[in-house]
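# Architecture at a glance
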Amino acid sequence: GATPIAAPSGSIATPESLARYYGQQVQWRNCGDADCATVQVPLDYADPAGATLDLAVTRVKAKGDPIGSLFVNPGGPGGSAGGGTS
C-alpha cells in the first residue's frame, strides 16, 4: 500500500519549499524478501524547486516486535556498499 513520507522528526514545521517531497505517497511493491519503491528528492536541498532525482528505497519488516525505523545508507559518495579490502 501507499505510505506517506513524513517530515523529519524534531522539525517544528515543514518548509513550504519541501512540502511536495514530504507529501509523496510511496507505492511499495514486493521485490523478494523486501518491499521496494522509488521516491523523488531534490538534487540540492538548498534549491528544492530545482532539479530532482529518483531515489530507490527498500524496506525490510521487523522479524519480531517493531520498535521503530532504522535507515541505512551503505556506501556513499565514492564509497563502496560491499566488501572490504583483502
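Computed from a predicted structure; not experimentally measured. Position numbers for residues start from 1 in each chain and track the written sequence from start to end. In keeping with the predicted nature of the model, local features appear solely for residues at pLDDT of at least 70, side-chain atom pairs appear and are counted solely at 80 or more, and the whole-chain, interface and lining totals rest on all residues. The side-chain quantities take in all heavy atoms of the structure and omit both hydrogens and water.

## Observations concerning the overall build of the chain
Which entries qualify depends on this criterion: The helix count covers DSSP runs of H or I at least four residues long, the strand count covers runs of E at least two residues long, and both are numbered beginning at the N terminus. Three exposure classes are used, based on accessible area relative to the maximum for each residue type with a 1.4 Å probe and protein chains only: buried under 20%, partly exposed in between, and exposed over 50%. In this analysis, two residues are considered to be in contact whenever any of their non-hydrogen atoms come within 4.5 Å of each other. The protein chains shown are the only cover counted for residues, whose accessible areas, like all others here, come from Shrake-Rupley with a 1.4 Å probe.
Check the secondary structure of the chain and you find one helix and five strands. From first element to last, N terminus to C terminus, the chain shows the α and β order β-α-β-β-β-β. Looking at the chain as a whole, 17% of its 86 residues are labelled buried. Within the chain, counting contacts between residues at least 6 apart in sequence, those at least 24 apart form 29% of the total. For the chain, the exposed area adds up to about 6,900 Å²; of that, 55% sits on carbon and sulfur atoms.

## Some points on the confidence of the model for the chain
Do not read the fine detail of predicted coordinates wherever pLDDT is low. Defined as follows: pLDDT runs from 0 to 100 and stands for how confident the predictor is about each residue.
Of all residues in the chain, 70% attain a pLDDT of 70 or more, and the chain-wide mean is 79. Put simply, strand E1 (residues 2–4) is where the chain has its lowest mean pLDDT, 67, and strand E3 (residues 29–30) is where it has its highest, 96.

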